[in-house]
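A structural walkthrough
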Amino acid sequence: MTKIYVWSLFTRLFHLLLVVAVGVVFVIVEFESLLSYHAIVGYTVGLLFVFRIIWGFMDVRYSKFKDFNFNLKDLIEYMFNIFGDKKEYLGHNPASSWAVIAMMILGLASVVSGVIVYGTQEGMGLLSFLNISLFKDMDLFEDIHELFANAFMAVIFMHIAGVVLDKVLHKSDAVGSMIDGYKKGDKKSLELTLLQKIFGLLWIALPVFFLLYLLSNPSNILIADNNRAIDYKVEHRVFYDECISCHTLYPPHLLPKKSWITMMDNLQNHFGDDASLDAKDIKSIKEYLVKNSSENSTKESAFKILKSIDANVTLAITETRYWKRRHKDIDKSIFEAKKIGNISNCKACHKNIEQGLLNDKDIKIPQG
């Protein structure tokens, strides 16, 4: 047997870019302030897969879908013989054939469902308009996205495990072939046409340029923040003046109607202080707060706070189960630091809270 050219440079670069991109996506998802970057790299993963699917329908030896082995009998035989003598494949073996297709389907499903979550939950990106009509289903879409993403990663790990096992048990050259493109065999080497070479260049170049474009243009339609900043001073001057003079101006959507009504009816004992106002101002502010309470908002924070409140009247946002769950991993020393002071100083980390914005991407925890 001689060395056969099996994997083109474009296939190998795609493989490398995909490994890096998927790794980045699954690392930065743990950091809420990097949500936009998670979306950007996710879009790039989707574009890489789209090009790979087109590549699979082109007449590229060893990479076209027609060369994949989807025969279930061959798959079973291949899996049962993995610890013994097994048939060698120049291109994709039955296990990798199924794995590649599964990764494409689950990868694209993860991207599409992620775009839906980004729109319904965050009010951001291409489908931000869905926040108005489908915000009540945001948890469902998030669960679906996580299901696809976790299944995607499971197939990836199984694929990697299979490659490693093949290398250890059979001295397979699969890993090396993804570096230099060659395998040992007795078939014909891969040869690309001019059209395939041009497409291959586009396949690798466009996702890279796409990634750089999204990173340098955060206001583009795919990741743009479509949440409207609210000028409370203009929208309700009395509410603005009376509240901001003593503490952070908390957006009305962070508490339900019953909380605002109870609070406004007991201003003489407002968290230990007397914040009494004349009857006209109380009525005006109360009506504004009720009109813009959690029940009347499509924002993620409003929806999830409302879900986390039981029959008891909660007056402090920091006493809601949702707030506690979101902040449970933050060390108490952070809240006690000089630049924050206490847990009610929301604007220390949420710079735009007084404009009604609590986007994950805007979270910045001050140091010291």
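Structure: see above.
In short, a report on the structure. (Residues numbered from 1 in each chain as written. Predicted model: local features only at pLDDT ≥ 70, side-chain atom pairs only at ≥ 80, totals over all residues. Heavy atoms only, no water.)

1. Things to note about the overall build of the chain
- The secondary structure content of the chain amounts to 15 helices and two strands.
- The C-alpha radius of gyration of the chain comes to 27 Å, more than 25% above the 21 Å expected for a compact globule of 368 residues.
- Considering only C-alpha atoms, the chain reaches an extent of 95 × 40 × 40 Å along its principal axes.
- Looking at the chain as a whole, 45% of its 368 residues are labelled buried.
- Sequence-distant contacts in the chain: of pairs separated by 6 or more residues, those separated by 24 or more amount to 70%.
- Carbon and sulfur atoms make up 63% of the accessible area of the chain, which amounts to about 20,400 Å² in all.
- For the chain, the distance from the average site of its 41 positive side-chain charges to the average site of its 40 negative ones is 6 Å. (Helix = DSSP H or I, 4+ residues; strand = E, 2+ residues; numbered from the N terminus. Rg over C-alpha atoms; globule rule 2.2 N^0.38 Å. Buried < 20%, exposed > 50% of the residue type's maximum accessible area, 1.4 Å probe, protein only. Contact = heavy atoms within 4.5 Å. Areas by Shrake-Rupley, 256 points an atom, 1.4 Å probe, with all protein chains shown as cover. Lys, Arg positive; Asp, Glu negative; His and termini not counted. Charge placed at Lys NZ, Arg CZ, Asp CG, Glu CD.)

2. Some details on the pairing of strand β2 (residues 182–185)
- The alternating pattern of β2 places K183 and G185 on a buried face, while none of Y182 and K184, on the opposite face, is buried.
- Relative to β2, strand β1 (residues 2–5) runs antiparallel, the two being bridged by four bridges. If you follow T2 over to β2, its bridge partner there is G185. (Pairing = 2+ DSSP bridges.)

3. Some points on the packing of aromatic side chains
- Following the criterion strictly, the structure yields 16 aromatic pairs and no others.
- With a centroid separation of 5.4 Å and 80 degrees between ring planes, the pair formed by F70 and W98 is classed as edge-to-face. Placement of the pair is F70 in the loop between α2 (35–57) and α3 (72–80) and W98 in helix α4 (residues 94–120), with a sequence separation of 28 residues.
- Between the aromatic rings of F239 and Y288, the centroid separation amounts to 5.3 Å while the plane-to-plane angle is 45 degrees, which identifies the pairing as tilted. Placement of F239 in helix α10 (residues 237–244) and of Y288 in helix α12 (residues 279–291) is noted, with a sequence separation of 49 residues between them. (Phe/Tyr/Trp six-rings, centres within 6.5 Å; stacked < 30°, edge-to-face > 60°.)

4. Examining a nonpolar patch on the surface
- On the surface, a nonpolar cluster with roughly 680 Å² of combined accessible area is contributed by F83, F157, I160, V164, L165, V168 and L169.
- Inspection of the secondary structure assignment puts I160 in helix α6 (residues 138–170).
- By relative accessible area, which is 43% here, I160 ends up partly exposed. (Patch = residues over 30% accessible without salt bridge, like charges linked within 9 Å, V, L, I, M, F, W, Y side chains within 5 Å. Salt bridge = Lys/Arg side-chain N within 4 Å of Asp/Glu carboxyl O.)

5. Examining unusual backbone geometry
- One non-glycine residue with positive phi stands out, namely Y62, at about 80 degrees.
- Considering the arrangement of structural elements, one finds Y62 in the loop between α2 and α3.
- Note on Y62: relative accessible area 7%, which makes it buried.
- You will see that F271, though not glycine, has its phi angle at about 55 degrees, which is positive.
- A relative accessible area of 54% places F271 in the exposed class.

6. So, the side chain of H350
- Along the polypeptide, H350 turns up in the segment after α15 (332–336).
- Here H350 is in contact with H327, L358 and I363, once residues within four sequence places are set aside.

7. Describing the pattern of salt bridges
- Evaluation of the coordinates by the stated rule reveals 17 salt bridges.
- Note that K304 is salt-bridged to E142, the shortest N-O span being 3.5 Å. Placement of K304 in helix α13 (residues 300–308) and of E142 in helix α6 is noted, with a sequence separation of 162 residues between them.
- By relative accessible area, which is 22% here, E142 ends up partly exposed.

8. Details of the packing of α2 against helix α8 (residues 194–216)
- At a closest axis distance of 9 Å, the pairing of α2 and α8 adopts a crossing angle of 170 degrees. Taken together, α2 and α8 sit at an angle that is classed as roughly antiparallel. Together, Y37, I40, V41, Y43, T44, L47, L48, F51, R52, I54 and W55 of α2 and Q196, F199, G200, L202, W203, L206, P207, F210, L211, L214 and L215 of α8 make up the contact between the two elements.
- A class-by-class count of the residues in the contact of α2 with α8 yields 18 nonpolar, three polar and one charged. (Axes fitted to C-alpha atoms, helices over the stretch in contact; angles between N-to-C directions. Parallel < 35°, antiparallel > 145°, perpendicular 65-115°, else oblique. Nonpolar A, V, L, I, M, F, W, Y, C, P; charged D, E, K, R; others polar.)

9. A word on the packing of α3 against α4
- Contact geometry of α3 with α4 gives a least axis separation of 8 Å together with a crossing angle of 115 degrees. The angle between α3 and α4 falls in the class roughly perpendicular. Every residue of α4 that contacts α3 at L72, D74, L75, Y78 and M79 is listed here: P94, A95 and W98.
- Taken together, the residues of the contact of α3 with α4 break down into seven nonpolar, no polar and one charged.

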